[in-house]
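Structural characterization, general
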Amino acid sequence: MTDTPLKTTPKATGGFDHLIYVLRANPVTLLAFGMFALIMLSAILGPALVPYDPLQTNAAKALHPPSWDHWFGTDNVGRDVFSRVIVATRLDLWISVAAVALSFVVGSVLGCIAGYWGGWPDIVLNRILDTIMAFPLFVLAMGIVAALGNTIENIIYATAIINVPFYARLVRAEVNIRRSAGFAQAAKLSGNSDVRVLAMHIFPNALPPMMVQVSLNLGWAILNAAGLSFIGLGVRPPTPEWGIMVAEGANFIVSGEWWMAVFPGLWLMMAVFTFNLLGDGLRDIVDPRKRT
Amino acid sequence: MLSVKDLAVSFQTRRGTVDAVRGISFDLAKGEILGIVGESGSGKSVTSYALMRILDAGGTIAAGEATYSGIDLRRAAERDMRDIRGREISMIFQNPRAALNPIRKVGHQIEDVLRRHARATRQDARAKAIAALRAVRINDAEARYDAYPFELSGGMCQRIVCAIALACDPRLLIADEPTTGLDITTQKAVMDLVRDLIRERGMSSILITHDLGLAAQYCDRIMVMKDGVIVEQGDPVQIFSAPQHPYSRKLVDATPRVGESIRSLLPPEDRKAELPHHVHDRPLVEVRNLTKTYRGSSGPVHAVKGISFSIKQGQSVGLVGESGCGKSTTSEILVRLMDATSGEILFDGHDIAGIPAQGFARNPRRAEIQMVFQDATDSLNPRHTARQTIADPLHRLGGLRGAKLATRVEELATLVGLPLPLLDRFPHQLSGGQKARVGIARAVALEPKFLILDEPTAALDVSIQAVVLNLLVDLRAKLGMTYLFVSHDLHVVRLLCDHVIVMKAGEIVEQGPAQDVMSNPQHDYTKTLLAAAPKPPARRQVA
Amino acid sequence: MSSGSIVSSTCARCRPVKPVSVAAYPRLRAVAFRVAQSIPVVIGVVVISFLLTRTLPGDPAAYFAGAAADEASIAEVRKALGLDKPLIQQFFIYVGDLMQGDLGQSISSGRPVATDLASRLPASLELTLTALILSCGIAIPLGILAATRPGSWVDHLCRVLVTAGVSLPTFFTGIVLIYVFYYLLGIAPSPLGRLDFIYLDPDRVTGFYLIDAALMGDWETWRGAAKQLILPAITLALFTLAPIARMTRAAMLTALSSDFIRTARAAGLSRGTILYGYAFRNALLPVVTTLGMVFSFTLGANVLVEKVFAWPGIGSYAVEALVVSDYAAVQGFVLAMALLFVALNLVIDLLYTAIDPRIGFSSK
């Protein structure tokens with residue numbers, strides 16, 4: 001137990017090899033990576049690949065059920081649902097990635113400061129976070145978008161604001177437990193200033209749990225953005241977006257035209273599912289004890 | 001009474017089957033106290049869990065027999081085992097606070113056991129639980145009945161765990177490292193209590209410990225385990241005076257005790273002559289009226305209450321005390337990671353107490369005062385290789401770059417006995433002893449004048465402790481460093497230090513030359529500390 | 001035998017009451033402290049909702065006056081809202097209005113926002129609470145089963161449900177349920193509100209139709225209300241199931257692997273006592289904490305579910321108000337939801353204090 005058996009070249013067992021090992025051991029994570037690749041592909045190349053113009057209406061073909069020509073059927077004004085679903089990927093992904101990136105950066109900076117130095121910045125930050133968290137988050141996002149104006153940028157800001165507390169708290173906790181860890185103290189003895197200790201020694205060690213959070217959060221951010229556009233905020237018709245497409249399709253579900261709502265909904269679900277699986281997979285890689 | 005034959009225990013893990021215990025046999029007579037001694041990973045705890053059939057998920061008894069009073073423990077039905085546990089065989093554990101249900105009154109936890117084994121009815125459960133508390137000599141048992149574990153001290157929690165284990169008068173008590181994590185005086189109190197209770201009730205017992213000295217003091221017979229097998233068994237005096245197996249000889253050697261030198265901790269073939277270190281008359285560090293007061297939630301906490309001492313250049317001073325005595329606070333202030341509330345620290349004649357800890361990283365004296373941390377694992381950045389860790393101070397404070405830096409790192413690795421191929425490993429790929437070497441290499445990289453050692457061997461197995469202590473002695477002579485050695489263990493301090501300071505509750509109660517303090521302690525507290533340390537029997541005559 | 005712990009604890013409670021012990025005081029103080037802690041949060045909530053009303057791009061007065069307003073009426077609104085005064089003064093006016101329960105006028109309904117919200121709140125609460133009871137009733141036993149039988153089919157089912165559950169967009173689940181149970185199978189009533197028009201609304205006592213109908217003894221109406229409630233409640237429950245089951249499972253696993261469970265096993269305690277008396281009570285603590293987050297999600301998802309099922313709660317009220325840019329109504333809704341959530345969190349924390357004896361003591 002006391003001596004680790006000799007491994008050939010420790011350097012080679014770094015990131016990539018470990019990734020391959022984990023993927024082979026866990027087929028579900030492999031599936032998640034595959035789905036993630038598919039989603040990224042349709043986000044980047046989607047508009048170039050789809051068979052129809054997503055905005056092209058055709059009254060003659062309105063409300064056709066799925067067929068060989070129109071895999072996902074057509075909507076009430078004859079647009080191809082499949083093309084619209086694929087094209088929408090880029091917008092939905094953009095909203096969530098931008099929002100999560102914003103909250104990641106802001107939350108990390110705030111959390112680092114509060115977690116490392118404590119004192120009044122910590123108290124102030126906690127008060128603000130408590131206040132944000134005192135709102136049901138989706139409701140707060142509704143209020144923010146309603147106040148700032150009904151645009152895509154504001155959807156991004158609103159989603160970012162409601163996500164910030166998660167990152168700030170996570171980073172604060174991770175930094176705080178490592179603040180007095182031996183290696184941080186030792187780094188100070190080695191002549192590193194406080195900022196260097198924080199940025200070069202403590203923060204990198206807080207990154208793995210952050211990446212898990214990012215992945216789980218991306219799924220949640222997509223859900224939020226789609227939810228907001230479902231109730232008519234942010235994205236305006238005829239822009240293809242999953243939430244708004246489900247909303248449009250909802251009017252036809254009671255008369256049996258299921259494909260208009262079901263396909264964008266399924267696609268949305270798959271995207272969120274992918275990010276959640278990815279998050280769980282990353283969690284396994286980062287911390288096998290927290291498997292759920 | 002208990003007979004174990006060829007017992008083997010294996011665990012199914014993600015990496016395949018691990019054989020934790022590989023065929024051990026022993027017998028335990030009625031009224032006997034058997035000690036199982038081994039270092040971490042030797043399978044000693046797993047053996048006891050297997051006997052109780054409370055192995056963690058994935059663990060199974062792969063082969064062998066275990067018979068208790070005619071009952072086959074391996075094949076008994078789970079229902080029967082539940083009747084045996086607590087009533088026939090009981091167990092006490094390490095880390096007593098965690099071993100109790102945190103949100104249930106301790107009295108109720110005792111009642112649960114009494115009622116489970118039908119030793120109490122609803123009406124008399126309370127009275128019997130209080131009686132059980134009295135049996136483990138808890139004062140004011142009625143009041144303690146309503147306490148939650150978090151309201152009690154560690155030693156008190158261990159008594160409660162004993163009360164639960166002994167409530168139903170079992171005939172065999174298994175004690176799994178019952179004193180790990182407890183202060184040395186508490187350790188003695190708990191062990192004496194357990195021994196007395198066992199003797200009074202005529203029970204048999206198995207004491208599992210990593211401390212050969214402790215086992216020797218309390219057990220009738222000792223088994224030494226290594227890698228899942230018993231390498232030697234016999235009575236304590238015999239094991240200490242004439243260990244047969246090389247491993248038990250190594251363990252016996254590595255156990256510190258009265259009248260031995262630090263080199264004798266090592267196996268005879270590794271005992272080189274000790275290099276002398278020179279103590280100058282000039283003081284290097286002078287501490288005057290140092291205080292530290294924290295703001296606690298219930299008023300100020302005086303961690304250090306105005307202490308003064310001085311350390312001569314080249315001298316090694318031991319700072320000894322139990323947890324909470326202020327020794328760690330003192331060392332953090334001296335190494336300038338924490339600011340003192342008041343007082344002076346003269347280093348080379350200059351007061352450094354006034355320089356804020358926050359900016360000390362840029363102070364030219366930073367390189368002269370360094371520290372080796374308590375837990376080697378915790379003190380190494382998990383994302384840095386050993387090479388990066390050792391290079392950090394050389395690069396930051398020494399200004400070394402490129403090839404010079406690489407050469408110096410390798411010199412240091414050689415100096416502390418770390419094989420060069422290990423330099424590119426991450427901490428999780430290193431053993432405990434290797435991590436300790438990396439931490440020491442980093443601390444001595446800039447050849448500091450003053451090195452603070454904060455319990456550097458507390459987390460290490462005793463045989464590795466012996467090696468690390470000897471390395472520290474060699475480095476002191478080679479580099480001419482001055483040591484402040486912080487420890488709870490007087491015997492370890494004596495081996496390494498010229499001068500000893502004993503602290504209690506933020507104050508120095510006694511200080512003086514190490515030999516004097518050890519052989520003729522003046523203060524009652526020092527006497528208590530010395531008396532509490534386990535006293536292994538004398539060693540065989542060394543050739 | 002298995003109920004040993006429960007019996008003994010009740011027996012301890014029914015002993016003659018002793019005078020309040022010293023230990024009771026820190027806990028009372030902790031409760032008072034926790035109640036006091038929600039005051040700054042309420043102030044923060046009021047500040048944010050005030051800021052939300054004043055950061056409207058362009059002229060807030062124009063928004064509050066509505067789309068059809070002319071110059072004169074905008075100026076009138078500006079004066080009425082005090083928008084011509086300094087911001088700090090505006091804030092105090094806003095707070096003063098809040099104190100009197102004045103959340104402004106709704107343009108779409110023409111009534112005070114507070115009145116609208118009060119009349120619609122019971123519908124939302126009935127839906128949310130039914131959903132929560134439903135999901136707790138399924139998720140907690142599921143989590144416990146999964147944790148006690150790791151690797152079994154229950155465990156796998158739990159994992160799949162948990163990951164799939166958090167991926168479900170509530171509005172989409174609702175639509176699929178409507179399609180299957182209303183359009184295809186025809187067993188659910190049309191998804192329009194709380195009660196089909198063939199029934200009369202029960203007399204308003206609590207505003208909860210199920211309770212009011214039961215109070216009247218009108219079981220016909222009760223069944224009608226339950227039928228309408230079941231689909232939206234399931235939709236919402238499916239969404240909240242996942243986090244609760246996940247947390248229960250994780251907390252049970254942690255509790256079951258702790259040292260004190262080993263002590264209990266070594267003392268020969270029965271499986272039931274260990275599982276429920278020891279492990280579950282400890283696992284309950286993190287689960288209760290999670291409930292706060294789950295409430296947040298539920299109240300948000302509530303808005304979407306209400307829209308899908310045309311449920312006449314405050315969520316659909318806000319969505320309708322959004323469409324016609326009725327800002328006073330939207331902000332009133334946001335504030336009301338936040339205050340509701342603060343109150344729920346307070347209840348949860350007090351519950352936590354009741355379970356955990358350590359609260360109120362600084363010692364570790």
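Rules of the game
Residues numbered from 1 in each chain as written. Chains lettered and ligands numbered in written order. Predicted model: local features only at pLDDT ≥ 70, side-chain atom pairs only at ≥ 80, totals over all residues. Helix = DSSP H or I, 4+ residues; strand = E, 2+ residues; numbered from the N terminus. Buried ≥ 20, exposed ≤ 12 C-beta atoms within 10 Å, placed from the backbone. Contact = placed C-beta atoms within 7 Å. Rg over C-alpha atoms; globule rule 2.2 N^0.38 Å. UniProt positions renumbered as here; feature names shortened; annotations may be inferred. Nonpolar A, V, L, I, M, F, W, Y, C, P; charged D, E, K, R; others polar. Axes fitted to C-alpha atoms, helices over the stretch in contact; angles between N-to-C directions. Parallel < 35°, antiparallel > 145°, perpendicular 65-115°, else oblique. Left-handed = near helix turned anticlockwise from the far one by under 90°. Pairing = 2+ DSSP bridges. Right-handed = clockwise from strand over helix to strand, strands pointing away. Domains from an automatic or database assignment.

Observations concerning the overall build of chain C
Per the secondary structure count, chain C includes 14 helices and zero strands. Listed by position from the N terminus, the elements making up chain C come as α-α-α-α-α-α-α-α-α-α-α-α-α-α. Looking at the 364 residues of chain C, the share that counts as buried comes to 45%. Sequence separation of 24 or more characterises 71% of the internal contacts of chain C that already satisfy a separation of 6 or more.

What to know about the overall build of chain B
Each helix and strand in chain B was counted, giving 18 helices and 20 strands. Relative to the globule expectation of 24 Å for 543 residues, the C-alpha radius of gyration of chain B, 25 Å, shows essentially globular dimensions. Each principal axis of the C-alpha atoms in chain B carries an extent, and together these give about 70 × 50 × 45 Å. The buried share of chain B, taken over its 543 residues, is 51%. The contacts in chain B between residues at least 6 apart in sequence include a share of 68% that link residues at least 24 apart.

Concerning the UniProt feature "transmembrane region" (unreviewed entry) in chain C
Mapped onto this numbering, the UniProt entry gives "transmembrane region" (unreviewed entry) at residues 31-52, 127-148, 160-185, 225-245, 283-305 and 333-355 of chain C. Each end of residues 160-185 of chain C is marked by a C-alpha atom, and these two atoms are 26 Å apart; helix forms 88% of the span and strand 0%.

Details of the interface of chain C and chain B
For an interface, size is often stated in terms of accessible area lost upon the parts coming together. Each side of the interface is counted separately: chain C has 30 residues, and chain B has 33 residues. In terms of residue count, helix 1 (residues 4-13) of chain C provides more of the side of chain C that touches chain B than any other element does, seven residues in total. A per-class count over the side of chain C that touches chain B returns twelve nonpolar, twelve polar and six charged.

A few points about the UniProt feature "domain: ABC transmembrane type-1" (unreviewed entry) in chain C
The UniProt entry lists residues 121-352 of chain C under the feature "domain: ABC transmembrane type-1" (unreviewed entry), expressed in the numbering used here. Within the segment residues 121-352 of chain C, helix and strand shares are 80% and 0% respectively, and the terminal C-alpha atoms sit 27 Å apart.

Let's talk about the packing of helix 6 (residues 113-148) of chain C against helix 7 (residues 153-167) of chain C
All names here are of chain C. It is the contact of helix 6 with helix 7, at a shortest axis distance of 8 Å, that shows an interaxial angle of 130 degrees. On the basis of the axis angle, helix 6 is oblique to helix 7. The handedness of the crossing between helix 6 and helix 7 comes out as left-handed. Here L142, G143, L145 and A146 of helix 6 come into contact with helix 7, specifically with V154, D155 and C158. Taken together, the residues that form the contact of helix 6 with helix 7 break down as five nonpolar, one polar and one charged.

Section: the packing of helix 9 (residues 209-216) of chain C against helix 10 (residues 219-256) of chain C
Residues and elements named next belong to chain C. Orientation of helix 9 relative to helix 10, taken along the N-to-C sense of each, is 170 degrees, at an axis distance of 8 Å. It follows that helix 9 is roughly antiparallel to helix 10 by the angle criterion. Facing helix 9, whose interface residues are Y209, L210, A213 and A214, helix 10 presents T221, W222, A225 and A226. The residue makeup of the contact of helix 9 with helix 10, split by class, is seven nonpolar, one polar and no charged.

Quick notes on the sheet that holds strand 18 (residues 482-487) of chain B
Paired through backbone hydrogen bonds, the strands of a sheet run either parallel or antiparallel to each other. Residues and elements named next belong to chain B. Sheet architecture is open: six strands sit in the order 16-17-18-13-19-20, paired in mixed fashion. With one partner strand each, in any of the chains shown, strand 16 (369-372) and strand 20 (507-513) form the two edges of the open sheet. Within this sheet the neighbouring strands show an average axis-to-axis angle of 20 degrees, counted without direction. Two strands pair when backbone bridges link them, and strand 16 and strand 17 (residues 450-454) are joined in this way by four bridges, in the parallel orientation.

A closer look at the environment of L346(B)
All names here are of chain B. Note that L346 resides in strand 14 (residues 342-347). Remark: the alpha-carbon pair of L346 and V285, spanning 61 residues in sequence, is separated by 5.6 Å. Not counting residues within four places of it along the chain, the set of residues in contact with L346 comprises E286 and D351.

Brief notes about the pairing of strand 7 (residues 172-176) of chain B
Residue and element names in this part refer to chain B. For strand 7, the tally of buried residues reaches five of five residues, placing the bulk of the element in the interior. Burial along strand 7 is two-sided: the residues L172, I174 and D176 and L173 and A175 are all buried. For strand 6 (residues 89-92) and strand 7, the ladder comprises four bridges, and the chain directions are parallel. Paired with S90 across the bridge in strand 7 is L173. With five bridges connecting them, strand 7 and strand 8 (residues 204-209) associate as parallel partners. Within the sheet, the bridge partner assigned to I174 lies in strand 8 and is I206. Between strand 7 and its parallel partner strand 8, the chain crosses via helix 7 (residues 184-201), and the hand of that crossover is right-handed.

Section: the domain arrangement of chain B
Once the domains are mapped, chain B shows domain 1 (89-169) and domain 2 (313-333 + 368-532). The centre of domain 1 of chain B, based on its C-alpha atoms, is set 40 Å off from the matching centre of domain 2 of chain B.

With respect to the interface of chain C and chain A
Taken together, the contact between chain C and chain A spans 46 residues of the former and 42 residues of the latter. Broken down by secondary-structure element, the contributors of at least two residues to the side of chain C that touches chain A are helix 2 (24-54), helix 7, helix 8 (170-184), helix 10, helix 12 (271-308), helix 13 (314-323) and helix 14 (327-355) of chain C. Looking at side-chain class alone, the side of chain C that touches chain A contains 36 nonpolar, seven polar and three charged residues.

Some words on the sheet that holds strand 9 (residues 221-226) of chain B
All names here are of chain B. If you walk across this open sheet you meet the six strands as 6-7-8-3-9-10, and the pairing is mixed. The outermost strands of the open sheet, each flanked by one partner alone, are strand 6 and strand 10 (229-234). With strand direction ignored, the average angle separating the axes of adjacent strands in the sheet is 20 degrees. Helix-sheet contacts for helix 1 (residues 44-52) involve strand 3 (33-37), strand 6, strand 7, strand 8 and strand 9, and the interaxial angle to strand 7 is about 145 degrees.

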